[in-house]
Amino acid sequence: MWKHIMKNPHKVLPQLLAAGIGSWGFFCTGTVRGWSSPGIPSLNTTKTFDIDATEMAWIAAMPPLCALAGALLVGYPMQRYGRRTALIGLSLPFFLGFLLMGFTNLAQHKAILFIGRLLSGLMNGAATPASQIYISECASPRIRGTLSSFTASALALGILVAYIIGAFVDWWVLAFILSMFPLLLFTGMIFMPETPVWLISHNREDDARKALQRLRGKRTDIEAEFQRLKENQAKNSQQQEIQPRELMKGSVLKPLGISMGIMFFQQFTGINAMIFYTVSIFKSAGTTLDGRYATIIIGFVQLIATAGSGFLVDRFGRRFLLLSSAAIVSCALAAMGSFFYMQAQWGPALATETLGWLPLLSLIVFFIAYSGGYANVPFILMGEMFPARYRSILGPLSSSFNLCCTFTVVRSFPLMQISMEKYGAFWFFMCCTLVGIVFVYLLLPETKGKTLDDIEKLFSVKYNADGTLKITEVQPDNYSNGKTASIASSGIVMNAPSRESFHKQKGKQDDKATVENGNGFSPVPLNPIVDSEDEDEDDGSLVPAPV
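These numbers were taken from a predicted model, which means no experiment stands behind them. (Residues numbered from 1 in each chain as written. Predicted model: local features only at pLDDT ≥ 70, side-chain atom pairs only at ≥ 80, totals over all residues. Heavy atoms only, no water.)

Novice: Can you help me understand the overall build of the chain in this one?
Specialist: Looking only at helices and strands, one finds 26 helices and six strands in the chain. Looking at the chain as a whole, 53% of its 547 residues are labelled buried. Within the chain, residue pairs in contact and separated by at least 24 positions form 77% of the contacts whose partners lie at least 6 positions apart. (Helix = DSSP H or I, 4+ residues; strand = E, 2+ residues; numbered from the N terminus. Buried < 20%, exposed > 50% of the residue type's maximum accessible area, 1.4 Å probe, protein only. Contact = heavy atoms within 4.5 Å.)

Structure representation (structure tokens):
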């Protein structure tokens, strides 16, 4: 797989660097999420200020709740100031949030801890669309899926790092240590280029050319790709400012609905219930494995599986990975639910003696399967499917919905275990995952290897499913006795195909063709067609329309 990716290393390495640094926003998001597992138990045992159990629960649940607002608020700075600038800007509040959490132990006041969690939660939501869109707009189609999957691997790595450090230090020391990682994001993004798409959309063509050249390598001829980016910008610049009614078009609602649906089924696999409540799940199962080490094992499994899946995205496609991931996840959830059902029927002692190995095995299989598809593909699709004109609006909307589902699952899981028993909770997530298989199979088109422009055409009423332009219905013309046909919507009359009625005229500047109409011949300019997937000359032509 690396041989496929590194076919032209001078073109790929600059994109790998941009994707690695851009995905650091997801790493910081992972540290926010991962702090809760070791941090909350440590806070509960070493607290030196007044805080009750309900407040503890809200400290754990605040980040996904605050992230809802963060994902929505980042849309404007991304569109106004750029994707790179947005990532630089959000890294500082990220740093401040962790810093305040650490200082809580010195100030002895819980309000500072709440403010710190609020700030880190807001930046948690803001980093998700900013990082994903930055990488998608910097990457070439041939390796865009692999590079976009860096975000999921970075998220898993951030969770694992927080688990490992938190196993050996107190909660406030952990917060101080984690505050250093947003500073790395700040430093790294300063040296990265802005996306060419955004630069062209803001009439900074010289900067866009330099950025594209830097991302594609010094020896790469970028002229064809740069001209396509300009043409897309020219097409979109003729359109007026985005109006709310535009968001109700089918070409906008279809990709948004599919993205939000996949985000829903991603969270209702129960992934964050597993992450937040790993220790309690193992205790309920009667295992003697220490909860701290259990989380580290799960973190390692998730990281390795997520990183491995990144190399499969552009080989097997998005649909295959989602479908296979969901199928195996549903089996793991069924097995976990079955264990707790047997525990309720046989009693804890007999169930643990007979099937005590099943919970750990089920969770390992669950995380491997989840990381192989559902962990990264929904975020890759978020960066791919949305029309470029509305991407800065739809990306945060989809991310916010994902975070809303995250908060719902995390807060409701303890109640679900009471109202429908433990086995019922796991079987509920299994049913949701099975419905997700049907959803993906029926509604999600394959985007593997397609340019962003081609993906937009999949959802447009003007194009067929294969990306070809739909032909307006041709009807016989009354005054010509059926010998010619006219296109009703345009008035153009076309004779039977012949070299005389349709011929190409070569000029010094542009190719043109003439088409016969009712009154004579009309010149039609013909733009040259460039293969964006020429891996030897231009293996990375990105054709998005800027916002």
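Novice: How should the packing of helix H23 (residues 377-385) against helix H24 (residues 391-419) be read in this particular structure?
Specialist: Helix packing geometry: the angle between the two helix axes and the distance between the axes. For the pair H23 and H24, interaxial distance at closest approach is 9 Å and the crossing angle is 160°. With respect to their mutual orientation, H23 and H24 come out roughly antiparallel. Crossing geometry of H23 relative to H24 is assigned as right-handed. Residues Phe379, Met382 and Gly383 of H23 form the contact with H24, whose participating residues are Arg391, Gly395, Ser398, Ser399 and Asn402. Tallied by class, residues from the contact of H23 with H24 come to two nonpolar, five polar and one charged. (Axes fitted to C-alpha atoms, helices over the stretch in contact; angles between N-to-C directions. Parallel < 35°, antiparallel > 145°, perpendicular 65-115°, else oblique. Left-handed = near helix turned anticlockwise from the far one by under 90°. Nonpolar A, V, L, I, M, F, W, Y, C, P; charged D, E, K, R; others polar.)

Novice: Would you take a moment to explain the pattern of salt bridges for this structure?
Specialist: Close approach of charged atoms allows side chains with opposite charge to pair. Counted under the stated rule, the structure contains six salt bridges. Of the charged contacts in the structure, one is a salt bridge between arginine 209 and glutamate 223, with a shortest N-O distance of 2.8 Å. In this pair, arginine 209 sits in helix H13 (residues 205-216) while glutamate 223 sits in helix H14 (residues 223-237), placing the two residues 14 residues apart along the sequence. Its relative accessible area of 33% is what places arginine 209 among the partly exposed residues. A relative accessible area of 33% means that glutamate 223 is categorised as partly exposed. (Salt bridge = Lys/Arg side-chain N within 4 Å of Asp/Glu carboxyl O.)

Novice: Any chance you could explain the packing of H24 against helix H25 (residues 421-443) here in plain terms?
Specialist: Interaxial distance between H24 and H25 falls to 6 Å at its minimum, and their mutual angle equals 130°. As far as their axial angle goes, H25 and H24 are oblique. As for how H24 packs across H25, the hand of that crossing is right-handed. The residues of H25 that touch H24, namely those facing Val409, Phe413, Met416, Gln417, Ile418 and Ser419, are Glu421, Lys422, Ala425, Phe426, Phe428 and Phe429. Residue composition of the contact of H24 with H25, grouped by class: eight nonpolar, two polar and two charged.

Novice: Any chance you could explain unusual backbone geometry here in plain terms?
Specialist: Phi is mostly negative for residues that are not glycine, and the peptide bonds are mostly trans. The phi dihedral of asparagine 203 falls on the positive side, at around 60°, and the residue is not glycine. By secondary structure assignment, the location of asparagine 203 is in the loop between helix H12 (196-201) and H13. Phi at glutamate 421 takes a positive value of approximately 65°, unusual for a residue other than glycine. Residue glutamate 421 is classed as partly exposed on the basis of its relative accessible area, which comes to 41%.

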